[in-house]
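Residues per chain are reported as follows:
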Amino acid sequence: MTSAPPDCSDHGPVVDVVIVGAGLSGIGAARHLQRHCPQLRFILLESRQSMGGTWDLFRYPGIRSDSDMHTLGYNFRPWVARKAIADGPAILDYIRTTAAEGGIDKLIRYDHRVIAANWDSGSALWTLEIAHPTGGGSSKLQTRFLYMCSGYYSYASGYNPPLPGEERFAGRLVHPQFWPQDLDYAGKRVVVVGSGATAVTLVPELAKHAAQVTMLQRTPGYVVSRPSVDRLALWLDRHLPSNWAYALTRWKNVLLGMLFFRLSQRRPAMIRRYLLDLAAKELGSGYDMRHFSPDYKPWDQRLCAVPDSDLFTSLRNGKARVVTDTIADITAHGITLASGKTLDADVIVKATGLELEIFGGMRICVDGKPVDVAQAVAYKGMMLSGVPNLFMAFGYTNASWTLKADLTAGWVCRALNHLHTQGQRSIVAKWTGASQTTPFMALQSGYVARAQHLMPRQGMHSPWRVHQNYLADVLAIRFGRLDDGVLEFH
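What you are looking at is a predicted structure, and each value in this text was computed from that prediction instead of being measured.

Observations regarding the overall build of the protein
Here is step 1 of the chain: Helix and strand content of the protein: 12 helices and 29 strands.
Here is step 2 of the chain: In terms of C-alpha radius of gyration, the protein reaches 24 Å, essentially the compact-globule figure of 23 Å for 490 residues.
Here is step 3 of the chain: Once the C-alpha set of the protein is aligned to its principal axes, its extents read approximately 70 × 50 × 45 Å.
Here is step 4 of the chain: Long-range contacts, defined as pairs at least 24 residues apart, comprise 69% of the intrachain contacts of the protein with a sequence gap of at least 6.
Here is step 5 of the chain: Counting every atom, the protein has about 21500 Å² of accessible surface; 52% of that belongs to carbon and sulfur.

A closer look at helix 12 (residues 470-478)
Here is step 1 of the chain: Every buried residue belonging to helix 12 is among Tyr 470, Asp 473, Val 474 and Ile 477, and all of these are buried. Angularly, the buried residues of helix 12 cover 105° about the axis, an arc narrow enough to put them on a single face.
Here is step 2 of the chain: With a side-chain oxygen positioned 3.1 Å from the backbone nitrogen of Leu 471, the residue opening helix 12 is Asn 469.

A closer look at the sheet that holds strand 18 (residues 342-344)
Here is step 1 of the chain: Read from one edge to the other, the open sheet built from three strands follows the order 16-17-18, with strand pairing classed as antiparallel. Each edge of the sheet is formed by a strand with only one pairing partner; in this case those strands are strand 16 (327-331) and strand 18. Between one strand axis and the next, the sheet turns through 20° on average, direction left out of account.
Here is step 2 of the chain: Bridge count between strand 16 and strand 17 (residues 334-337): four bridges; the pairing is antiparallel. Pairing of Ile 327 across the sheet is with Leu 337, part of strand 17.

Looking at the packing of helix 7 (residues 242-266) against helix 8 (residues 268-283)
Here is step 1 of the chain: Taken N-terminus to C-terminus, the directions of helix 7 and helix 8 make an angle of 120°; their axes are 5 Å apart at the nearest point. Taking contact as the criterion, the partners of Phe 260, Leu 263, Ser 264, Gln 265 and Arg 266 in helix 7 are, on helix 8, Pro 268, Met 270, Ile 271, Tyr 274 and Leu 275.
Here is step 2 of the chain: Of the residues in the contact of helix 7 with helix 8, the class split is seven nonpolar, two polar and one charged.

With respect to the environment of Ala 405
Here is step 1 of the chain: Mapped onto the elements, Ala 405 comes out in helix 10 (residues 401-422).
Here is step 2 of the chain: Judged by relative accessible area, Ala 405 falls into the buried class, the value being 9%.
Here is step 3 of the chain: The contact partners of Ala 405, leaving out residues within four places of it in the chain, are Ser 25 and Tyr 147.

A look at the pattern of salt bridges
Here is step 1 of the chain: Under the criterion given, the structure shown has 22 salt bridges.
Here is step 2 of the chain: With a closest N to O distance of 3.6 Å, Lys 106 and Asp 105 form a salt bridge.
Here is step 3 of the chain: The exposure class assigned to Lys 106 is exposed, which follows from its relative accessible area of 68%.
Here is step 4 of the chain: Through salt bridges with shared partners, a single network forms among Arg 48, Asp 56, Arg 59 and Arg 96.

Remarks on the nonpolar core
Here is step 1 of the chain: Counting residues in each nonpolar core, the largest one holds 130 residues, and the members touching the most others are Ile 19, Ile 27, Leu 146, Tyr 147, Phe 359, Trp 411 and Leu 416.
Here is step 2 of the chain: Take this core: its biggest share by element is 11 residues, from helix 10.
Here is step 3 of the chain: Filtering out sequence-adjacent residues up to four positions away, Ile 27 remains in contact with Ala 22, Leu 44, Met 51, Tyr 74, Ile 95, Thr 98, Ala 99, Ile 104 and Ile 108.
Here is step 4 of the chain: Judged by nonpolar contacts, the second largest core, of 12 residues, contains Val 191, Ile 335, Leu 343 and Ile 348.

A few points about the sheet that holds strand 10 (residues 172-174)
Here is step 1 of the chain: The sheet built from five strands is open, its strands ordered 10-19-11-12-15 with parallel pairing. The open sheet terminates on both sides in strands that have one partner only, identified here as strand 10 and strand 15 (320-324). With direction set aside, neighbouring strand axes in the sheet form an average angle of 20°.
Here is step 2 of the chain: Along the sheet, helix 5 (residues 197-206) contacts strand 11 (189-193), strand 12 (212-217), strand 15 and strand 19 (347-350); its crossing angle with strand 12, the most-contacted strand, is approximately 165°.

Topic: unusual backbone geometry
Here is step 1 of the chain: With omega at 5°, the peptide bond leading from Ser 462 into Pro 463 counts as cis.
Here is step 2 of the chain: Looking at the element boundaries, Pro 463 is found in the loop between strand 28 (457-459) and helix 12.
Here is step 3 of the chain: Positive phi is not limited to glycine here, since Asn 389 has a value of about 55°.
Here is step 4 of the chain: Residue placement: Asn 389 occurs in the loop between strand 24 (383-384) and strand 25 (390-392).

Here is what the cut-offs are and how they apply
Residues numbered from 1 in each chain as written. Predicted model: local features only at pLDDT ≥ 70, side-chain atom pairs only at ≥ 80, totals over all residues. Heavy atoms only, no water. Helix = DSSP H or I, 4+ residues; strand = E, 2+ residues; numbered from the N terminus. Rg over C-alpha atoms; globule rule 2.2 N^0.38 Å. Contact = heavy atoms within 4.5 Å. Areas by Shrake-Rupley, 256 points an atom, 1.4 Å probe, with all protein chains shown as cover. Buried < 20%, exposed > 50% of the residue type's maximum accessible area, 1.4 Å probe, protein only. Arc of directions from axis to C-beta. Polar contact = N/O pair within 3.5 Å; in protein donor to acceptor, adjacent residues only side chain to side chain. Pairing = 2+ DSSP bridges. Axes fitted to C-alpha atoms, helices over the stretch in contact; angles between N-to-C directions. Nonpolar A, V, L, I, M, F, W, Y, C, P; charged D, E, K, R; others polar. Salt bridge = Lys/Arg side-chain N within 4 Å of Asp/Glu carboxyl O. Core = buried A, V, L, I, M, F, W, Y, C linked by side-chain atoms within 4.5 Å.

In structure tokens:
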């Protein structure tokens, strides 16, 4: 198919598709459009000055994925590096290389932050209001379709609750989301406040150079070691074409992950014992397992995976320790705990989590009426009820983000091609309100609980139910009918 010349409006040429965000999801979405919808003209809008999203923003020591790259990688581009649990720079290079291969890097408009999107049914167009954070000023752009790949948290601020007395601390107080590049922690006493993925990543890396690292947690989480190298993947890659080896490894990891998640839900006590036994073997006899024994069931919150036992190794060799307590006060030289004990510190790292933000804080209106995203219902986790021509990439909480993002991108391409073939201009999911709704995300993690009032809802039954199940989504998204009685085409 050949590209048609773009329509024009008062705001310049009308773009067929605008992708918001040039991170892992955005670059993947662009590559899918490029491959499967060559008749469409698209661009990417990125609020920052560089691509990569999470993997460009976070620069703290040891930054890495806790998902394997055979599932976090794109379905169309094999991950061929040796380490399956990859560090941030390697993932960023993978994203940039993917963008460069298709010339997608030339289609990114940096310093473009979409602050509002207004849909007009008469023209079947979105009008985007765009701020330019670095250059200043604003602009407008019109597009037929809006594809949100902006993630789910604020890049401008992390979750940063004040600690009692933190203003008295004489050392350095930092948040991982904005890691100071001039921070010298060599030979220093470091306290990392938190117990999530960021904390368990930071602690073993800081312990390589710090005098002492303490992970101070209010409540423990489940921590499990995974090999950074997938030996079966390497063997397959030596004996099969890369695409075959990658696909087989991807499905192997998907199925094992699904099996473990299903067992966690059906046999939580058994999986809890299994995880605690693994941690006990890693830590050795005599270790106080209270620090690794959560009071919730596995997968009520996301598990923390550490590569090659790095956290456990740093605990065994004494370079790091875990303290389970709450903060009573921050002093000039450390932390006083509720138990009365004190922790000396030269550096305090507040690994307190993310500040969730939907669609980058963008305001949405349909025919002049504001859309309350929290009252909308998600169609297959990819569209909002009653909002035409808007798609969203939102990954799994119990598996790799990209698995769902890839499925979503494939479905978007199918829907756009259907509209093109039928000569139709808009697609909308109509919610009848015939059944109850539940929260979009089922996790009990603090960052999810803090943001439930911002997120859309999900229904009890398909196609409104958000499956945390890749196989179910393959059937529903890749092979499900477009004319399902819910989607309307105009």
